[in-house]
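# Coordinate analysis (summary)
Listed below, chain by chain, are the residues.
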Protein chains: 4
Amino acid sequence: MSEKKEVRIGLIGCGFMGRTHSNAYNRVPNFFPEQEYQPVLKAVCARSEDKVRAFADQWGYESVETDWKKLVSRDDIDAVDICTPNDTHAEIAIAAAQAGKMVLTEKPLARNIEEAKQMVDAVEKAGVKNTVWYNYRRLPAVTLAKQIIDSGKLGKIFHYRANFLQDWTISADLPQGGEGLWRLDAAAAGSGVTGDLLAHCIDTAIWLNGSITDVSAMTETFIKERVHQLTGKMQKVTIDDACIFHCHFKNGSLGLFESTRYARGHKALYTFEINGEHASIRWDLHDLNRLEYFDHSDESKLRGWRSIHVTDGDHPYMDKWWVPGLGIGYEHSFIHQAADFFKSLETGTPCSPTFKEAFETQQICEAVLKSAATKSWCEIESV
Amino acid sequence: MSEKKEVRIGLIGCGFMGRTHSNAYNRVPNFFPEQEYQPVLKAVCARSEDKVRAFADQWGYESVETDWKKLVSRDDIDAVDICTPNDTHAEIAIAAAQAGKMVLTEKPLARNIEEAKQMVDAVEKAGVKNTVWYNYRRLPAVTLAKQIIDSGKLGKIFHYRANFLQDWTISADLPQGGEGLWRLDAAAAGSGVTGDLLAHCIDTAIWLNGSITDVSAMTETFIKERVHQLTGKMQKVTIDDACIFHCHFKNGSLGLFESTRYARGHKALYTFEINGEHASIRWDLHDLNRLEYFDHSDESKLRGWRSIHVTDGDHPYMDKWWVPGLGIGYEHSFIHQAADFFKSLETGTPCSPTFKEAFETQQICEAVLKSAATKSWCEIESV
Amino acid sequence: MSEKKEVRIGLIGCGFMGRTHSNAYNRVPNFFPEQEYQPVLKAVCARSEDKVRAFADQWGYESVETDWKKLVSRDDIDAVDICTPNDTHAEIAIAAAQAGKMVLTEKPLARNIEEAKQMVDAVEKAGVKNTVWYNYRRLPAVTLAKQIIDSGKLGKIFHYRANFLQDWTISADLPQGGEGLWRLDAAAAGSGVTGDLLAHCIDTAIWLNGSITDVSAMTETFIKERVHQLTGKMQKVTIDDACIFHCHFKNGSLGLFESTRYARGHKALYTFEINGEHASIRWDLHDLNRLEYFDHSDESKLRGWRSIHVTDGDHPYMDKWWVPGLGIGYEHSFIHQAADFFKSLETGTPCSPTFKEAFETQQICEAVLKSAATKSWCEIESV
Amino acid sequence: MSEKKEVRIGLIGCGFMGRTHSNAYNRVPNFFPEQEYQPVLKAVCARSEDKVRAFADQWGYESVETDWKKLVSRDDIDAVDICTPNDTHAEIAIAAAQAGKMVLTEKPLARNIEEAKQMVDAVEKAGVKNTVWYNYRRLPAVTLAKQIIDSGKLGKIFHYRANFLQDWTISADLPQGGEGLWRLDAAAAGSGVTGDLLAHCIDTAIWLNGSITDVSAMTETFIKERVHQLTGKMQKVTIDDACIFHCHFKNGSLGLFESTRYARGHKALYTFEINGEHASIRWDLHDLNRLEYFDHSDESKLRGWRSIHVTDGDHPYMDKWWVPGLGIGYEHSFIHQAADFFKSLETGTPCSPTFKEAFETQQICEAVLKSAATKSWCEIESV
């Protein structure tokens, strides 16, 4: 493939997200071979040299680093991909941008709006390509929802509702902080379910239904103290275990969002539904190859929610995969986002959501947390 | 309602089916008050005087009998409704026809084809109104299926499949025969699941998809001996516990039917599916207010099985009940059949399935049992 | 049944609810014949003499009235059942109580908290039996949910969510007010979806999960003006088309409620879910014979939401009906409530929800509407 | 990974199956890095040099061949993987075995039993590792079904039913034979849905439920003539478009199988259900991460089919992938089979199904076709 243009990737972080991104880079040449730009796995960085070497072997990275600053400064890296905990996103992204690298970062963009603002400023000032891995947009059923909405089939929108329900932190014996559990420590994560889960719901929502203007929220921390892995001591839990908010969208529709890690029986139940004048759509991550669609223009006696198995060649992204009826999985959302990122280099368009677009999600998260803290409605400033 | 014409009912049998029919007669005046003919609960008959009196009190019958022959000969009875075990259908129905009464009988028509033939002859010779209670036709979702098929939306039919799965006889400790368990005794029932359950599937099938021409079947009796309630002794089980057959329909489609009382986890899972060139339909008794419908003429990317909640005013029978979204139950199938029977007196048309129409189902059951016994294909003679 | 005690019913209102209650009274003797107290349909009242006579004929009422005051004052009436629009509940109920009658009223108790308070005072002062027809409690699946919760299987509760979604008022051409449409006129109804739909959700919620302490709500009226049927003029719409609120329960769990008549594709989608430490439950009115249940104590690899078809003899109320697998419908919730009401006469216990218990739902509705109007959290005073 | 042992793969065929296998080989090092044996993509072979070079580039094969005999004779190939149409399986597999290579072949093993027998003999005589890609066994939900059955939870088995329904050949305009359509030409495929689809159902069935002893079948070719792509002429269609059979298993249970390409609305609806004395299981390829399980030992009132989302770390294969709730796809079945194949080199055990095991499926397919042709029951000889 000598005519292909190489994009030399430097990945930072070898955890769960490091794996999903590495898999994505490995799959793009197999499933999107026609694209002009293709990734080369140049380097991966993590603090533990043993771990990072094993990771490089497993995923095919050419070299390793244990100091992200060295990776960011290497001449043979075109794009820096940030898969580290949220508290490091800003510093790394800003340094990468200043070094003239393309910057990809895991969501959420940052821990808070101040960090996020600096990140947006940095990539815009440097003029470098940037994107945030809000991966669920690229599941075929979700992209199909976007196509249906953009086609105008729903008409005026009345309602948008989404939730992201998990149950993995119900046990009081689960510690917080440190390896594998930094998401339960606000110092590292910024917030709890709001930044981790609702951020996904919000990103999809504003993509599908436009801006949110104001929010009214409630948060709860059910278990007040947990042992902290780094200190070994029982410490106050500083994250939100659950967050619920309702809101107005700019288009006049009402929004309703809920996220929790205390919904017994749900593992990663991200669902959304959008009700329009003429049609409605709903989706569920536990059955990710399916989109449900109700069209009021169907003959009256024969109207019903259609269960669309989004696995045909004319469904988004599915011409790259198998044959009708044969589903894909979670990881494919990352493969599609990676492919779209490289495609955007070819077309010269931004790869949505950019840092700037993801900033809006950050604003909403911040307003949600503020609303919950102040028990009042909070408005979202327009960017 | 003095202008209404009364149809004086004499019901024989106070068991499960006696209850469903009595309820149906009680509901017709409430929900079909506009019909010209209305039932009057004149008499009910059962061998135990205590039981039949209690039953009459409960359901509002004016009088009781303990000898069905007396009931059949009463001048103040217009219609005899037979809810007794299968081994009595023929004798009672023939006597009732000879007495000039309208005759309604629970399904299956009879234990076997000889009895059935005599019954058809009797009602035809007497020229009396007659019908068999294959009640599932009158569930709104099933009637809607009929309307869709009749509209031609399915095009050429390729496949019809149905099953009726139960699990209530798995325990070897369950006795056979006698009170409440005559369905497990071939002497009383004629056959096992074939006459009890598959007969329903076959009745619906030939109504929806036309005649069956030949069958290839297999039956099984999993538990070979059970205590008989009437003798108190361990006796050979003579019914079929399970029956599977495939067949050809006259229209060229293939049929597949299965019934069993050994399908752990299923209570009364009657389902059918019909696949046509342009569209398909499926239905499930455990979710009886719903019909699933797939229409290939829907826009390619948006095709999916539609889940139709058959509870709107323009759905069959549903203008008689509540408002959209509010479902009805099993018993309503009997209410609808009763209403249709009385309506048929007004219109002068037969109330399907008549004895003659139900005879075809009996023929198919007989062919199925013969095919299983002989391990060969059996043809259905045309009536 | 001469040994039975008769409860002479006087029903006021011949609309949709008049039909559901009349059906319930007719079914009780058939399906609950063993109960000591049985209804007698003594009189029905509506303003139109023609209509009320036809209704009496259809449902078997012995006499008619066109003035509710006359009905309430009749000596041969034991219980007054109010099925008229909400704006008449208070006046009739208070008069009935003062006349020493038992009082049953359709939900919501009243248009507002002031009326509701007077009604509670009236029945308590008069010491008469009273109940409000929050019928959904008596669907077997919902009662089973109550039994499971009361058994302690869920443990500490974290979340309760419910919604009631409809789509029948989306068209701007639909008028408001008057015959069949009084629910769209706040003068008659008190409020829109809050009193009509959310009241159901709240009644079930507090029954299952205890008191609500404070709420934060949002309402919307999507179509601002509609022709009023009584005036023929375009008038401001005064009801809430949609209402969303989140709240705290006294037991520390978070609540989330939504109702709308603008959710395209949903007819009467009342659903609720409750998440506890050890188990969760969910239910859906569109599939009313089913309860979903997740039990974390199931073996790890085999855990999953159980789809319980609530049609067995050991399920609540189901020993009165058919056999396993054969579902019942919407109307049965009223039959069960009627039977429970008559049973409560036998046992001398209140028939829940009493006016006093339903007052709590009224308080919450009022707080919800106030919260939405003031854009602030509102507390519920304890009764 | 210098300590790893390399298995040098030579793949023959660049079609749909060539892609699924190539993807599997590429993923094993990423997701099963701990395994001792790892694939090396040494060579790929196809008749068109252009195509095979592009394929090699896309998937990372080191070299290409256009003559499979050359590939089979190369010293630097350890394992030959056959992804060509069925009519070539026997010749290639036998040659590969004779050359001492490990042999992997796509299913079905061969076009007919004679070819299959020779293939079994060849690999057994040569003593080479061999396996057939009946991939569905390795979907986590299907493997979980196997584990549940092996644990004895189902008890005595009564019923096994499976179907594989598609709708892609309904149009009479679809040609047969040649590129992409060899499955519709019996000369290339051996049979129609029997070898293509039912073979999958049979492989799973005998793995889960043991041997089948006799079958009674029916086949149909709905469209009798189609244009053949290779001749350009309208020719007789020689495959079975649909096949239905019932059978006995050695363990006394009854089997029911159906496959068709004329079931409008179904893309690749492979489903199976197994009913035992104590528990039942069902699965559906359209929702492949889920297994439904009914356990009669659950508390009576709370029994229901459990919907198990098979995505936890303790579910088969799932510790290799993501976190609970995040599903995988169709392609993963091949990755798992590849990993299991390499693992079997480490453990020295056969990789099921071996050619010999797959021969039983071939026997059943042959008996099914013979039964349909002769309209009689056919027995399966024990191997």
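Residues numbered from 1 in each chain as written. Chains lettered and ligands numbered in written order. Predicted model: local features only at pLDDT ≥ 70, side-chain atom pairs only at ≥ 80, totals over all residues. Heavy atoms only, no water.

## Topic: the overall build of chain A
Within chain A one finds 10 helices and 17 strands. The C-alpha atoms of chain A give a radius of gyration of 21 Å, which matches the 21 Å a tight globule of 383 residues would have. Seen through its C-alpha atoms, chain A measures out along the principal axes to roughly 65 × 55 × 40 Å. Looking at chain A as a whole, 67% of its 383 residues are labelled buried. Just so you have it, chain A exposes about 12700 Å², and 48% of that area is on carbon and sulfur atoms. Across chain A, the centroid of the 43 positively charged side chains sits 1 Å from that of the 53 negatively charged ones. (Helix = DSSP H or I, 4+ residues; strand = E, 2+ residues; numbered from the N terminus. Rg over C-alpha atoms; globule rule 2.2 N^0.38 Å. Buried < 20%, exposed > 50% of the residue type's maximum accessible area, 1.4 Å probe, protein only. Areas by Shrake-Rupley, 256 points an atom, 1.4 Å probe, with all protein chains shown as cover. Lys, Arg positive; Asp, Glu negative; His and termini not counted. Charge placed at Lys NZ, Arg CZ, Asp CG, Glu CD.)

## Quick look at the side chain of Glu-115 of chain A
All names here are of chain A. Mapped onto the fold, Glu-115 is located in helix α5 (residues 113–126). Given a relative accessible area of 11%, Glu-115 falls into the buried group. Setting aside residues up to four positions removed in sequence, Glu-115 forms contacts with Asn-86, Ala-90 and Ala-110. (Contact = heavy atoms within 4.5 Å.)

## Quick look at the interface of chain D and chain A
Chain D puts 39 residues into the contact, and the matching count from chain A is 39 residues. Of the roughly 3100 Å² buried between chain D and chain A on both sides combined, carbon and sulfur atoms contribute 53%. Of all residues in chain D, Asn-30, Lys-267 and Trp-322 of chain D give up the largest surface area on contact with chain A, accounting jointly for 21% of the area buried on that side. Along the contact surface separating chain D from chain A lie two salt bridges. Salt-bridge contacts for Lys-267 of chain A lead to Asp-312 of chain D; the nearest nitrogen and oxygen are separated by 3.2 Å. Taken together, the links from chain D to chain A amount to 22 residue pairs in polar contact (both at pLDDT 80 or more). Among the elements of the structure, α1 (16–31) and α2 (49–59) of chain D are those that each provide at least two residues to the side of chain D that touches chain A. Tallied by class, residues from the side of chain D that touches chain A come to 17 nonpolar, 13 polar and nine charged. (Buried area = accessible area lost by both parts, 1.4 Å probe. Salt bridge = Lys/Arg side-chain N within 4 Å of Asp/Glu carboxyl O. Polar contact = N/O pair within 3.5 Å; in protein donor to acceptor, adjacent residues only side chain to side chain. Nonpolar A, V, L, I, M, F, W, Y, C, P; charged D, E, K, R; others polar.)

## Here's the deal with the interface of chain B and chain D
Counting residues at the interface gives 41 residues for chain B and 41 residues for chain D. Carbon and sulfur atoms supply 62% of the area buried between chain B and chain D, which totals about 3500 Å² over both sides. Our enumeration of links across chain B and chain D arrives at four salt bridges. Taking the shortest distance from any N to any O, the salt bridge between Arg-161 of chain B and Glu-258 of chain D comes out at 2.6 Å. Where chain B touches chain D, the interface holds 18 residue pairs in polar contact (both at pLDDT 80 or more).

## Brief notes about the pattern of salt bridges
Scanning the model with the defined rule gives 116 salt bridges over all chains in all. When the shortest N-O distance is used, the salt bridge between Lys-375 of chain C and Asp-214 of chain A registers 3.6 Å. Pair noted here: Lys-375 of chain C is in the loop between α10 (355–374) and β17 (378–379) and Asp-214 of chain A is in strand β8 (residues 212–220), and the two residues belong to different chains. Taking relative accessible area as the criterion, Lys-375 of chain C reaches 42% and is therefore assigned partly exposed. Note that Glu-115 of chain D and Arg-111 of chain D form a salt bridge whose closest N and O atoms lie 2.5 Å from each other.

## Observations regarding unusual backbone geometry
In this chain, Ser-352 of chain B is followed by Pro-353 of chain B through a cis amide linkage whose omega measures -10 degrees. In this structure, the amide linkage connecting Lys-107 of chain D to the following residue, Pro-108 of chain D, adopts the cis form with an omega of -10 degrees. Non-glycine residue Lys-375 of chain A carries a positive phi angle of around 50 degrees.

## A word on the UniProt feature "domain: GFO/IDH/MocA-like oxidoreductase" (unreviewed entry) in chain A
Under the local residue numbering, the UniProt record ascribes the feature "domain: GFO/IDH/MocA-like oxidoreductase" (unreviewed entry) to residues 144–282 of chain A. With 20% helix and 37% strand, residues 144–282 of chain A has its two end C-alpha atoms placed 11 Å apart. (UniProt positions renumbered as here; feature names shortened; annotations may be inferred.)

## Comments concerning the relation of the copies chain D and chain A
Turning chain D through 180 degrees and shifting it by 0.0 Å along the axis lays it on chain A, with an RMSD of 0.0 Å. What the superposition gives is, in effect, a two-fold axis relating one chain to the other. For chain D, the residue whose C-alpha comes nearest the rotation axis is Gly-329 of chain D, separated from it by 2.3 Å. Comparing interface residues between copies, 100% of those in chain D also sit at the interface in chain A, which points to an isologous, same-surface contact. (Least-squares fit on C-alpha atoms with pLDDT ≥ 70 in both.)

## What to know about the sheet that holds strand β3 (residues 63–65) of chain B
All names here are of chain B. Here six strands make up an open sheet; going across it, the order is β3-β2-β1-β4-β5-β6 and the pairing parallel. Bordering the open sheet on either side are β3 and β6 (130–133), each of which pairs with just one other strand. Along the sheet, successive strands turn relative to each other by an average axial angle of 25 degrees, direction set aside. One ladder, built from three bridges, connects strand β2 (residues 37–45) with β3; its direction is parallel. The partner of Cys-45 across the bridge, within β3, is Glu-65. (Pairing = 2+ DSSP bridges. Axes fitted to C-alpha atoms, helices over the stretch in contact; angles between N-to-C directions.)

## Let's talk about the sheet that holds strand β5 (residues 102–106) of chain A
Residue and element names in this part refer to chain A. Strand order across the open sheet formed by six strands is β3-β2-β1-β4-β5-β6, with parallel pairing between neighbours. Each of the sheet's edge strands pairs with one partner strand only, and the pair in question is β3 (63–65) and β6 (130–133). When strand polarity is set aside, the average angle formed by the axes of neighbouring strands in this sheet is 25 degrees. Pairing of strand β4 (residues 79–82) with β5 involves four bridges; the strand directions are parallel. Within the sheet, the bridge partner assigned to Val-80 lies in β5 and is Val-103. Strands in contact with helix α2 (residues 49–59) are β1 (5–12), β2 (37–45) and β3; relative to β2, the strand with the most contacts, it is inclined by about 160 degrees.

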